[in-house]
Amino acid sequence: MSEAFLKAQEYVREQLRKGVPRITVQDRMPEFEANGFVVNRVYFFDKPIIGMAGSTNIKFDRNFVALTRKFAKLRNLNAEVIGNGIFLKRNGEVAAWLREDFFGADDPALFEEVGREVYGLYSIREKKLRDGLVESFLKLLADPRSGTRFIAFMFVLSLIVAALAAPFATLPPYMPRWSILLIVPIAVTVLFYAVKLYSKSRRIL
């Protein structure tokens, strides 16, 4: 993702060095594509905010605002909601701008983090790695021997975790504290067994 950003950033800098007015650079911004991502928009604030415009599959609602605020807090950025957008500011200067139809930042690292952690976008390489890990996990569970061993291991592990957490757990008055030793391991086992059955059905199909 950042490769496309870097190409766009260099283009903007070159146009400004040539004396091209900012409004012209903004209106004539071309598309830069790399690794499956397109960077096609620039806006000028304290620094150029370069990013991707188009369908982002997000809704500007409370959940989006809360997620963005959490994202900003972890990076020592201030989040300001203005209209239908959120400005992330660093030392009073705009570092990123997030909307339903656009997100951009003033540097490639922040741009990539916003795209990945707020908008749920991944590079082709990251998608292949993630899909490969999921596929490997499903194959593990589908195998009759290794899958059963893994589920047994998770049962024992969840039993240990439940035993450690039991003294601190808040349960309804009608539930004895020891019941957590049954509920958690059984729930974990049922969950992984269901995934195991799903893995088997995928292999059959």
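Residues numbered from 1 in each chain as written. Predicted model: local features only at pLDDT ≥ 70, side-chain atom pairs only at ≥ 80, totals over all residues. Heavy atoms only, no water.

## Overview of the overall build of the protein chain
Alright, step 1. Scanning the protein chain from N- to C-terminus turns up seven helices and eight strands.
Alright, step 2. Sorting the 205 residues of the protein chain into buried and exposed places 36% on the buried side.
Alright, step 3. Across the protein chain, contacts joining residues at least 24 apart in sequence account for 52% of those joining residues at least 6 apart. (Helix = DSSP H or I, 4+ residues; strand = E, 2+ residues; numbered from the N terminus. Buried < 20%, exposed > 50% of the residue type's maximum accessible area, 1.4 Å probe, protein only. Contact = heavy atoms within 4.5 Å.)

## Section: the pairing of strand β8 (residues 102-105)
Alright, step 1. Here β8 shows no split at all, with F102 and G104 on one side and F103 and A105 on the other all buried.
Alright, step 2. Where strand β4 (residues 48-53) and β8 come together, four bridges link them in antiparallel fashion. Bridging across to β8, I50 finds its partner in A105.
Alright, step 3. Across three bridges, the pairing between strand β7 (residues 93-99) and β8 is antiparallel. Following the sheet pairing, W97 is matched in β8 by G104. (Pairing = 2+ DSSP bridges.)

## A word on the pairing of β7
Successive side chains on a regular strand alternate, one facing one side of the sheet and the next facing the other.
Alright, step 1. The buried fraction of β7 is high, at six of seven residues.
Alright, step 2. Two elements, strand β6 (residues 85-90) and β7, share six bridges in a ladder whose sense is antiparallel. Its bridge partner being in β7, R90 is matched across the sheet by E93.

## Describing a nonpolar patch on the surface
Alright, step 1. A cluster of nonpolar side chains, namely F155, V156, L159, I160, L164, W178, L181, L182, I183, I186 and V190, defines an oily patch on the protein surface of about 1,000 Å² accessible area.
Alright, step 2. Broken down by secondary-structure element, the contributors of at least two residues to the nonpolar patch are α6 (144-165) and α7 (180-204).
Alright, step 3. Mapped onto the elements, I160 comes out in helix α6.
Alright, step 4. Here I160 falls in the partly exposed class, since its relative accessible area comes to 47%. (Patch = residues over 30% accessible without salt bridge, like charges linked within 9 Å, V, L, I, M, F, W, Y side chains within 5 Å. Areas by Shrake-Rupley, 256 points an atom, 1.4 Å probe, with all protein chains shown as cover. Salt bridge = Lys/Arg side-chain N within 4 Å of Asp/Glu carboxyl O.)

## A few points about the environment of A162
Alright, step 1. Inspection of the secondary structure puts A162 in helix α6.
Alright, step 2. Using a relative accessible area of 2% as the deciding quantity, one classes A162 as buried.
Alright, step 3. Residues A162 and S179, 17 residues apart in the sequence, show an inter-C-alpha distance of 9.7 Å.
Alright, step 4. The contact partners of A162, leaving out residues within four places of it in the chain, are I180, L181 and V184.

## Side note on the sheet that holds strand β3 (residues 41-44)
Alright, step 1. The strand order across the open sheet formed by six strands is β3-β4-β8-β7-β6-β5, and the pairing between neighbours is antiparallel. Looking at strand neighbours, the two that pair on one side only are β3 and β5 (78-82), the edges of this open sheet. Across the sheet, the mean angle separating the axes of adjacent strands is 30° when strand polarity is ignored.
Alright, step 2. In the packing of helix α1 (residues 2-17) onto the sheet, the strands contacted are β3, β4 and β8, and the crossing angle to β4 comes to about 135°.
Alright, step 3. Each of β5, β6 and β7 touches helix α3 (residues 62-74); the most contacted strand, β6, lies at about 10° to it. (Axes fitted to C-alpha atoms, helices over the stretch in contact; angles between N-to-C directions.)

## Considering the pattern of salt bridges
Alright, step 1. Following the criterion strictly, the structure yields ten salt bridges and no others.
Alright, step 2. Two residues, R75 and E117, come together in a salt bridge whose shortest N-O distance is 3.0 Å. Of this pair, R75 sits in the loop between α3 and β5 while E117 sits in helix α4 (residues 108-117); the two residues are 42 residues apart in sequence, bridging distant segments of the chain.
Alright, step 3. Of the residues examined, R75 reaches a relative accessible area of 24% and is grouped as partly exposed.

## Concerning unusual backbone geometry
Alright, step 1. Unusually for a residue other than glycine, N76 sits at a positive phi of about 55°.
Alright, step 2. With respect to the helices, strands and loops of the structure, N76 is situated in the loop between α3 and β5.
Alright, step 3. With relative accessibility at 70%, the residue N76 sits in the exposed group.
Alright, step 4. In this structure, N91 is a non-glycine residue whose phi angle is positive, near 55°.

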